[in-house]
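Structural characterization, general
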Amino acid sequence: MRNSLRAKEGAADAELALKAYVLLSNPELLAEVSDGDKMKQEIAGSVDLTEAPEDAVCSLVIDLMQYCEREKIDWTQDVMSRAWENFRSDRAEEIQKR
């Protein structure tokens, strides 16, 4: 139980770090929010942004792989193949809009 809670916390931390990187690296997203500058300061204060984005992604992927193993979800077949399919579909729609 304790390992499960720690894994969930680790995944939540990694997800928060990734979202913080996205928000801070795309100022136009925060510009649309009325208190965007304040939010930016709060994010920077609550998330360790010294970790490289690649490390945050890696941590999140490891947590997801462990979750899949526990739940007996096939990472390659059930997750990655669907993710690639959705990614390619989204990219195709994006190209058609241009």
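If you're wondering where the values come from, they're calculated on a predicted model, not measured in any experiment.

Looking only at helices and strands, the protein features five helices and zero strands. Helices and strands in the protein line up, N terminus first, as α-α-α-α-α. Put simply, the protein has 98 residues, and 14% of those count as buried. Excluding contacts between residues fewer than 6 apart, the proportion of contacts in the protein whose partners are at least 24 apart in sequence is 56%. As displayed, the protein has an accessible area near 8000 Å², and 54% of this comes from carbon and sulfur atoms.

With that settled, the discussion passes to the confidence of the model for the protein. Averaged over all residues, the pLDDT of the protein is 75; the fraction at 70 or higher stands at 71%. Element-level mean pLDDT values for the protein span from 66 in helix α1 (residues 2-25) up to 86 in helix α5 (residues 75-97).

A rise of 1.5 Å per residue sets the reference length of α5, with its 23 residues, at 33 Å; its end C-alpha atoms lie 32 Å apart and thus fit the reference within 8%. Its side-chain oxygen placed 3.0 Å from the backbone nitrogen of T76, D74 serves as the N-cap of α5.

Now for helix α4 (residues 53-70). End to end, α4 covers 26 Å across 18 residues, agreeing with the expected 26 Å (1.5 Å per residue, within 8%). Residues A56, L60, D63 and C68 constitute the buried set of α4. Along the axis of α4, the buried positions cluster into a sector of 140°, meaning they face one direction only. Exposed residues pointing more than 90 degrees away from the buried face of α4 are listed as E54 and E69.

Thresholds, definitions, all that
- Residues numbered from 1 in each chain as written.
- Predicted model: local features only at pLDDT ≥ 70, side-chain atom pairs only at ≥ 80, totals over all residues.
- Heavy atoms only, no water.
- Helix = DSSP H or I, 4+ residues; strand = E, 2+ residues; numbered from the N terminus.
- Buried < 20%, exposed > 50% of the residue type's maximum accessible area, 1.4 Å probe, protein only.
- Contact = heavy atoms within 4.5 Å.
- Areas by Shrake-Rupley, 256 points an atom, 1.4 Å probe, with all protein chains shown as cover.
- pLDDT = per-residue confidence, 0-100.
- Expected span 1.5 Å × (residues − 1).
- Polar contact = N/O pair within 3.5 Å; in protein donor to acceptor, adjacent residues only side chain to side chain.
- Arc of directions from axis to C-beta.

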